[in-house]
Structure formats: C-alpha cells, structure tokens
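Results of the structural survey
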Amino acid sequence: MPIAISTQLAVGISVDIQRSDGRVHSAVISGVNEQSSSVTVEWFEHNETKGKELDIDAILRLNPHLQAVEPAKEKEPVSRVKRPKSTAEAVTVAQTPVSRISSGINRKSYIPGRPTSSHNIRKDADDCVTAPVTVKKDPAAGRKANPRKSNVVKEIEKIQEQREQRRAAASKPQSHAGVDKSHPHWQFLDMIEEYREQLEFSPLRLDDVIEDHQICVCVRKRPLNKKELNRRDVDVATIPTRHDVIIHEPKQKVDLTKYLENQKFRFDYAFDENADNQMVYRYTAQPLVQCIFQGGMATCFAYGQTGSGKTHTMGGEFVSKGQQNCEKGIYALAARDVFKLMQSKYRSENLLVSVSFFEIYSGKVFDLLNNKLKLRILEDGKGQVQVVGLKEESVANSEQVLKLLSSGTQVRTSGQTSANQHSSRSHAIFQLILRKNVRNRPLHGKFSLIDLAGNERGADTSSADRQTRMEGAEINKSLLALKECIRALGRKGAHLPFRASKLTLVLRDSFIGDNARTCMISTVSPGNLCCEHTLNTLRYADRVKELGTEGPREPSKVFDDSAFTHNSNSLSAHNSDLALLRTANEEEVSDDMLDLHAVIDHMQGLEDEIIEDYKQSSELIDKWKAEDTKLLRTTDRVD
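Description of the structure in this document. (Residues numbered from 1 in each chain as written. Predicted model: local features only at pLDDT ≥ 70, side-chain atom pairs only at ≥ 80, totals over all residues. Heavy atoms only, no water.)

**Thoughts on the packing of helix H13 (residues 330–343) against helix H14 (residues 398–410)**
- Remark: H13 packs on H14, axes separated minimally by 9 Å, with the N-to-C direction vectors making an angle of 155°. The angle between H13 and H14 falls in the class roughly antiparallel. In the crossing of H13 with H14, the sense of the turn from one axis to the other is right-handed. Here Tyr331, Ala332, Ala335, Arg336 and Phe339 of H13 lie close against H14, whose contacting residues are Ser398, Val401, Leu402 and Leu405.
- When the residues that make up the contact of H13 with H14 are grouped by side-chain class, the tally is seven nonpolar, one polar and one charged. (Axes fitted to C-alpha atoms, helices over the stretch in contact; angles between N-to-C directions. Helix = DSSP H or I, 4+ residues; strand = E, 2+ residues; numbered from the N terminus. Parallel < 35°, antiparallel > 145°, perpendicular 65-115°, else oblique. Left-handed = near helix turned anticlockwise from the far one by under 90°. Contact = heavy atoms within 4.5 Å. Nonpolar A, V, L, I, M, F, W, Y, C, P; charged D, E, K, R; others polar.)

Written as structure tokens, this is what we have:
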C-alpha cells in the first residue's frame, strides 16, 4: 500500500520497534523505502546513535494506529449538479453561487462581476459534472503537517546526511598516487601512506647531539629483505623522529572491514632503514668506550626477533651465506676506538688490551677462542663471578681483533627455526678488557658486547623438536632476567636477580657500581607478517627503561625482597631470583615454567659437579700412575 505508507509513515515520526532480543522501545523514522516496503529507524542508546532497517509490516504490527484505511476502490465522487438540458437552465445554474452547488467545484470558476457567456457557463457546468474529484495525497503531508522538528530529529537527519556522504565517498575508489591496486595488501598500504602524509619527519642525523645516558635504549629498523619484497609484504614501521617509533598493525573487524591500529613508542634513539652501522655505533656504543678508560664497566646488547638484524649490527654485514664481513660491525668499530684512545689520550695510563669471546647455549658456556671448550661459572671467596678456564687473547691492534672475531663467529652455534633458517641459537659475548701493565695485571675496565639469541615465542617453536623448544625456553628465561637486571640498574639499591640465568650471572659486574653503563639496541623487522614479533620486541625494550610516549614514567613493579624472607631456608639464592623473576613477569612466566627452569638448573648444577669430580679423579689417577711407575723403576735398581 504505497499511498498509505507515504501518508502515515514519514521521516521524524516516533514508532515502537522490537529488537532481536525481544525488547520493545521507541525510535524515530529516518527513512522510508517504498520499493522494498521497509523503513529505517534510529535511536539513542548508551550515548550512541544506532539504526536498523525494518519491514513495514513489523512496524504496523506494533503501531496499529499508523495503519491507514485505504479506500476499497470506491467510485470516483461526482458532483450532484444535474446537467442542464437547455440554455435557460444553464443560465440559472451559472447564476447560482458556486459554493452552494458543490464543494468539489473549483472556486476559480466563479468570479463576481465578470460577464459570462452561455458557452463558458456550459463548459464550467460540464466540468462540474464529468470531472471526478480525486483526493491526491501528498507524500510529504506528514512533514507539512508538523513543520517544526525537534532537535533529536534534526540530529538524526544530520547523521543520515553524513552517512550518505561517507557511503558516496566510499563507493568511489580512492587511492594515493603510486599505490598499486594489484598489491595483495593495497588497502593497508593506502591507509599507511595516508597516515604518513600527516606526519612531520625529522629523522636522526650524524650531526645531532649525543645525549648522555646511564641506560640507553634505542631501536633500529632494517629495510625489507629480498624474501619480503618477493612476498610483497607491507612496511608497517614508521620512524618520523629521532625518538618515536610507530607500528601500523593491520586489523580486520567482524564485518571484514580493514583498519589500522597505530601504536606509538618512544626511546632514546630511533634509527630508520637508512641508518648504517656507523651511525648506530656513534649514538650507542661509542660513548661507552670512554667509560672503560675511566675504570667503568660498559655493556652493549643487541636484542630482537630472529632475522631482524642483530648479528648484522654487532658483527657486520653478511657477504655470502655464512660469511660475515666483521670490519663494519660494532665489535670492530669499538676495538678501533679503543686502540685510538690508547695511543692518544690515555697513552700514559700504561694499559694492556685483551679480548675474550664465548657463547652461552642452553645454559652452558663455551669458549669460542679455544675450540668451544666447555667452561664453568663459579663465585670466588670475595663473591666475584669467575668464568673458569676462559681464554683471554692479548691484542696489539684492531687487525688482530678482527681475526679473532672471524674465527669465533664461524664456530658459533646456530640453527633453523620457523622464523629464520640461519638463527643464532646462543648468546655471543665479546669482551674488550683493559688491564694495568703491572704485576698481577689488575682489571681497569671492561666493555662487553653481546649479540643475544633471537627471542622466541611458543608459536614459533611449537612445530620444532624437543631440543629446539628447550633452547627457546632457556633463551626466554635469560632475556627476562636480563631485562630485570637492567631495570634494577636504573633503580639504585634495587635487588639484582643476576642468578636467574647464566647470562646475567656472567655479566654481574656490568650491573654493579655507579660507573656501570648499559646500552640496548632493539632491532625490528618492518614486514607486516612480523608485526606481532616487532610489537613484542618494542614492548620488551619499553619496559627496560619505561620512557612512555611523552617521557619517563614510574616503573610498573619494584622487587620486594621482604616477600621472600620467609622462604630463605627452603629456597636457594638461585631459586629466589627465579621467584623474583616470576613476580615481575606474571604474564610471561607461569608456575609450571618456573618449576621447569628450577629443575633444569638443578640438573645442570649436578652435572657440573659430577664432571668436576670426574676431572679431579682423572687427575689423581694420572698422578698415582706416575708415582706407581716411579716406584716400579726403583725396584729394578741394584741395592
């Protein structure tokens, strides 16, 4: 019944509607579609404007007063004035006022004082008799009847107009110049380009001021590699300034609408894909070289997902598969600066330089400069941590350092994961050691440069074998312990859980003292498939220093030693540090994982004790054998 619809159901009328959950409430009609026999209604709920399209039958069932009674095909109303049969009768009819003849006669046909002819009178009378009086109902009658609109109706009409404009804009395919619509992710690419157009870019430059930090946390973004380019990945990382990093995380709603979730992070330094190793070294490790000549302990870490560029940053670029050019890595750049300072500014200090290079793999320490000899980590009587049997090579120039780096890198443990085919599965620790050139050669300063193993998630190692999963668990535990040790360094007097892992145990002296300085380089991959890994890396780095997007903020958690005093008899110092690690990382370390690490560490401790006892027994057996041989020879002598 389109006539009834147009007359009774109009925009702005308040009607009752029934929701899908059975609730009935009032709403305002915002649109009427006669072709589909439906209406669009809108209402306010929880400070939001919501809408819905309903059938007219459903509206009329709840609002029976809106049902218009349609005339049942009545005969068209005809005037009761009889047609005159003669001219005289016609004149009599014409002289009668029109309003008395019939209400259906057009009032314009009677004009007082105007002479009329018999022809015109007959024509008007014919019109009165033969022309049916049709009541034409205006579709806008409802709106004309109530010209004043409430503010709610005006707001709904405004929202409807804006919606139509958005739909019209969305129907027109718009994309930025240069965006290839054949790209599998061209919509995300278009949204990222649009977002970047609104930013003001001021990246880090070589002539910018170097800031002084006890703990420096920075991020380095690598460019898309060949594999990602062939896969047509989208670059989801943006570094607009020297401090800020923005990750455009691709998302999709339930209705398959694609959108971006832009997450911002702030660090001491942020290096984009155009920064080379020389620039990264200038702002991260180079300021720490001066520290070790002043009797301090410096530490520089490279942390990130496997394949994000950690080994490239620390060791140098790969010229071929498995072959690395060590001359352009932070290891070699730091060694060159050490010898430059020794030969110029600190020439009178009478210092000697030596290097050591070892790795920590699955909680065990191996010497990379001594045929991967297994080493032990012990504490001496003064409480100092010692790596027993670690080889220190004295060096006189940077060329000797490069040779040792090259030989040690080739024997470093690596493996294959789902994230990277050539993944570093161990923490590689390269140390530049300064000793005074006197008797006993006491330690003057030490610079530890660490290429950490790739951070692994459970999803990345779920399809791997047991050994790979155990590697990942040990890597994650050591990375969590490292994070808490760096955070404790920034909080003076806080407990240092260095016994929670072998990595932090070896580097204990780097976290103690007022002259200890640390730098962390977090490397991230820009591809959209690595977005979750990248966000995990940035969150890890963000928790180390907790700068926030606007500046430093209060630490989220502080270790409380008093909470563990009652367990001092039942827990060893190592297990206490593990428990503290669990407290600060409840979401990342479960109780089962804590128990697993405690059992593994206990087994490794027993294994080390058994091996040490066996070595001592072997040495005693050799000694006894030599003495027995000597006694046998004495029996052959003549008395």
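**A closer look at the pattern of salt bridges**
- Per the stated rule, a full pass over the model turns up 24 salt bridges.
- For the salt bridge of Lys251 with Glu261, the shortest nitrogen-to-oxygen distance reads 4.0 Å. One end of the pair, Lys251, is in strand S7 (residues 244–252); the other, Glu261, is in strand S8 (residues 258–266), and 10 residues separate them in sequence.
- Here Lys372 and Glu359 are joined by a salt bridge, their closest N and O atoms 3.2 Å apart. In this pair, Lys372 is assigned in the loop between strand S14 (364–367) and strand S15 (373–379) and Glu359 in strand S13 (residues 351–361), connecting sequence segments 13 residues apart.
- The class for Glu359 is buried, based on a relative accessible area of 0%. (Salt bridge = Lys/Arg side-chain N within 4 Å of Asp/Glu carboxyl O. Buried < 20%, exposed > 50% of the residue type's maximum accessible area, 1.4 Å probe, protein only.)

**Some thoughts on the pairing of strand S10 (residues 297–304)**
- Of all eight residues that make up S10, eight are buried, and the element is covered over most of its length.
- Side chains of S10 alternate between two faces, with Met297, Thr299, Phe301 and Tyr303 and Ala298, Cys300, Ala302 and Gly304 buried alike.
- Pairing between S10 and strand S22 (residues 516–524): eight bridges, direction parallel. Among the inter-strand pairings, Thr299 is bridged to a residue of S22, identified as Thr518.
- Where S10 and strand S21 (residues 443–451) come together, six bridges link them in parallel fashion. By the bridge assignment, Thr299 is partnered in S21 with Ser448. (Pairing = 2+ DSSP bridges.)

**Points about unusual backbone geometry**
- Phi at Ser37 takes a positive value of approximately 55°, unusual for a residue other than glycine.
- Within the secondary structure layout, Ser37 lies in the loop between strand S2 (24–33) and strand S3 (38–45).
- Judged by relative accessible area, Ser37 falls into the partly exposed class, the value being 36%.
- Of note in the backbone geometry, Lys372 takes a positive phi value of approximately 55° without being a glycine.
- A residue is classified by how much of its surface remains accessible, and Lys372, at 30% relative accessible area, is partly exposed.

**Structural notes on the sheet that holds S7**
- A sheet is described by the order of its strands in space; here three strands give the open sequence S6-S7-S8, paired in antiparallel fashion. Whereas interior strands pair on both sides, the edge strands pair on one side only; in this sheet they are strand S6 (237–238) and S8.
- Two strands pair when backbone bridges link them, and S7 and S8 are joined in this way by nine bridges, in the antiparallel orientation. By the bridge assignment for S8, Ile247 is matched with Gln263.
- Strand contacts of helix H8 (residues 186–197): S6, S7 and S8, with the helix running at about 45° to S8, the strand carrying the most contacts.
- Sheet strands in contact with helix H18 (residues 531–545) are S7 and S8, and its direction is about 140° off that of S7.

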